[in-house]
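Each chain, written out:
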Amino acid sequence: MLHSACSCDVFPLRRSHQLFVAGCFGGFSLALVTTPVERIKCILQTRQEVSTRSQIYCVWDCGHTIFRREGFKGFYRGLCVTFVRDIPSGGGFYMTYYAMLRALNRGDEEKSSKLKSALRVMAAGGTAGVVNWILAIAPDTLKSRVQTAPPGEYPRGARDAYKHLMATEGPRGLFHGLSAVLIRAFVSNAFCLLGFEIAISLLTRGSAAT
């Protein structure tokens, strides 16, 4: 399904720093949307008791209790450290993907078989995912601690969480589960971006036909 056109031909940005800046803006937007959802997700995944009525672990019960105890701002606890996670990692993701894809395709755009093109996309996408999570894993660890801590445990947010983590676990504590995260990042992003490029290929082919 893949042919010579790919998303790096459709989008006009050519320089790596432009792609990085665009990805950073994407990460900023992502953080604004995902922070409330991740606050609820982290609490549910750590199986904290969020209800005084009973041990009911559901999205509605968790969200209602956060709002009752902390107000609307409670959904955005950890926003600053989420910015620290998503802005540079978003920039690194898109810069790595498009720079690597162009490098792999350089001089061989018309001669590549569909399989070879697909493998190149998957290699670029998987590598971009790995870069994304290398940049994101440490802030993500702090974010999860801030978002799941009882009120008042970390008065200054991520700064207090960082000091506590360094005192109890050292630098390694920031990178728990890194190998599993990187394996997941490579595989999931390789297939995600393969699907994305197939869609781009089909849409550009359909536009050319009309």
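How each quantity is defined
- Residues numbered from 1 in each chain as written.
- Predicted model: local features only at pLDDT ≥ 70, side-chain atom pairs only at ≥ 80, totals over all residues.
- Heavy atoms only, no water.
- pLDDT = per-residue confidence, 0-100.
- Helix = DSSP H or I, 4+ residues; strand = E, 2+ residues; numbered from the N terminus.
- Contact = heavy atoms within 4.5 Å.
- Core = buried A, V, L, I, M, F, W, Y, C linked by side-chain atoms within 4.5 Å.
- Buried < 20%, exposed > 50% of the residue type's maximum accessible area, 1.4 Å probe, protein only.
- Phe/Tyr/Trp six-rings, centres within 6.5 Å; stacked < 30°, edge-to-face > 60°.
- Lys NZ or Arg CZ within 6 Å of the ring centre and 35° of its normal.

Draft legend 1. Spatial organisation of the confidence of the model for the protein chain. Of all residues in the protein chain, 83% have pLDDT values of 70 or greater, and the mean over the chain is 86. Mean pLDDT across the secondary structure elements of the protein chain bottoms out at helix 1 (residues 7-10), with 59, and peaks at helix 6 (residues 158-168), with 95. Residue range residues 49-54 is modelled with pLDDT below 50. Its contacts to residues more than four positions away, or to other chains, number 13 contacts.

Draft legend 2. Molecular detail of the nonpolar core. Residues Y97, L101, V121 and L194 are the most contacted members of the largest nonpolar core, which totals 13 residues. Of all the elements in the fold, those that place two or more residues in this core are helix 4 (79-105), helix 5 (114-148) and helix 7 (178-209). In terms of residue count, helix 5 provides more of this core than any other element does, five residues in total. Counting residues in hydrophobic clusters, the runner-up holds nine residues, among them L142, V146, Y154 and L174.

Draft legend 3. Seen up close, the packing of aromatic side chains. Across all of its chains, the model carries five aromatic pairs by this definition. Taking the centre distance of 4.9 Å and the plane angle of 5° together, the rings of F28 and F83 count as stacked. Taken as a pair, F28 in helix 2 (residues 16-45) and F83 in helix 4 lie far apart in primary sequence, 55 residues in all. F28 gets classed as partly exposed once you look at its relative accessible area, which sits at 36%. Among the aromatic residues, those joined into a ring-pair cluster are F72, F75 and Y76. The ring of W133 has R184 sitting right over it, with the charged end atom 5.5 Å from the ring centre.

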